[in-house]
Amino acid sequence: MILDETYTLANGLPIPKLGLGTWFIPADAAAQAVRDAIGIGYRNIDTAQAYGNEHGVGEGVRSSGVPRGELFVSSKLAAEIKDYEDAVAAIDGSLTVMGLDYLDLMLIHSPQPWNDWRGGSYAEGNRQAWRALEEAHAAGKLRSIGVSNFEQHDLENILSAATVGPQVNQILVHVGNTPDALLDFCTENNMLVEAYSPIAHGEILKNEAVAAMAARYEVSVPQLCIRYVLQLGTVPLPKTANPEHMRSNAEVEFVISGEDMEALHGIQVTDYGKSSRFPVFSGK
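Note that the coordinates shown come from a computational prediction; the quantities given were computed from them, not determined experimentally.

1. A few points about helix H8 (residues 221-231)
- In terms of burial, H8 is a largely internal element, nine of the 11 residues being buried.
- By the burial criterion, the buried members of H8 are Val221, Gln223, Leu224, Cys225, Ile226, Arg227, Tyr228, Val229 and Leu230.
- Contacts from the buried residues of H8 go to strand S1 (6-8), strand S9 (192-196), helix H7 (208-217), strand S10 (235-237), helix H9 (243-249) and helix H10 (258-265).
- A positive phi of about 85 degrees marks Gly233, the residue just after H8.

Next up, the structure:
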């Protein structure tokens, strides 16, 4: 079962192949969502300072009944933090808010603040934030460290100054958006890719060709999309607070043929509907 399978990060740490995303899960619902997911068998839980639900996620982890060492818990440094001192304080802040002694993974959420998405250069600020992550990693507060939404030039900036290279890059990957060059660069530099919004924030549900293929495999569209990014060698992080959806999202033991993988790869999604107001979907 996919919930029992892992990849191995560059530092030797195992990471479950399927995780639970918690973006847009309200703080007061996050603890129960996490408990439900862990009860179903999920061991990889992802949150972020920007989600506003770290406290609930931490509570869910602590009250799940599963030993902390069996869980892989991630958070992300707020995108606006681009200096060393604030990054140090924010890392400790996440641990305090979540009530955890360590995180299995912490990422820089974006190479730019959200209000300047894909805008100015924050190269030095990202190097400063990375230094704080490296120090927390050396101190045992963070078992692994990485980035999110980083393009190749952003990654090269970190690698140019890093003592420990990023072990993860969490990026938008789904049927309709397969960034091949970036995926290849990450692989070449020993970075595992985590795929957020693997169901295109719901927009792929409207695609008739994808629905037809899912029907042919006798699976749901979300299951097909999750399987697609798994076969790309990435970690899908579908977001849901619904236990039935959690169970369904993990039922992906089928295999998409090479021909169908190519067909899915060729699909393009450029309109994210109402979600286009978010920088990661707007493209600008």
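What follows picks up the thread again.
2. Quick notes on the pairing of strand S6 (residues 105-108)
- Because side chains alternate across S6, one face comprises the buried residues Leu105 and Leu107, and the other comprises Met106 and Ile108, equally buried.
- As paired elements, strand S5 (residues 72-77) and S6 share four bridges and run parallel to each other. Directly across from Ser74, in S6, lies its bridge partner Leu105.
- With respect to chirality, the unit in which S5 leads through helix H3 (residues 84-98) into the neighbouring parallel S6 is right-handed.
- Examined bridge by bridge, S6 and strand S7 (residues 145-148) share three bridges and lie parallel to one another. Note that in S7 the partner of Leu107 across the bridge is Gly146.
- Note on the crossover from S6 through helix H4 (residues 123-138) to S7: the handedness is right-handed.

3. Overview of helix H2 (residues 54-62)
- Among the residues of H2, those classed as buried are Glu54, Gly56, Val57, Gly58, Gly60 and Val61.
- The elements touched by buried residues of H2 are helix H1 (27-40), strand S4 (44-46), S5 and H3.

4. Points about the packing of aromatic side chains
- Scanning the entire structure with this criterion turns up seven aromatic pairs.
- Ring centres of Trp23 and Phe278 lie 5.2 Å apart, and the angle between their planes is 70 degrees; this geometry places the pair in the edge-to-face category. In this pair, Trp23 sits in the loop between strand S3 (20-21) and H1 while Phe278 sits in the loop between H10 and helix H11 (279-282), placing the two residues 255 residues apart along the sequence.
- Overall, Phe278 belongs to the buried group, its relative accessible area being 17%.
- Ring pairs connect the aromatic residues Trp23, Phe24, Tyr272, Phe278 and Phe281, which therefore count as one cluster.
- Sitting over the face of the ring of Tyr102, Arg68 holds its NZ or CZ atom 4.2 Å from the ring centroid.

What counts, and at which threshold
Residues numbered from 1 in each chain as written. Predicted model: local features only at pLDDT ≥ 70, side-chain atom pairs only at ≥ 80, totals over all residues. Heavy atoms only, no water. Buried < 20%, exposed > 50% of the residue type's maximum accessible area, 1.4 Å probe, protein only. Helix = DSSP H or I, 4+ residues; strand = E, 2+ residues; numbered from the N terminus. Contact = heavy atoms within 4.5 Å. Pairing = 2+ DSSP bridges. Right-handed = clockwise from strand over helix to strand, strands pointing away. Phe/Tyr/Trp six-rings, centres within 6.5 Å; stacked < 30°, edge-to-face > 60°. Lys NZ or Arg CZ within 6 Å of the ring centre and 35° of its normal.

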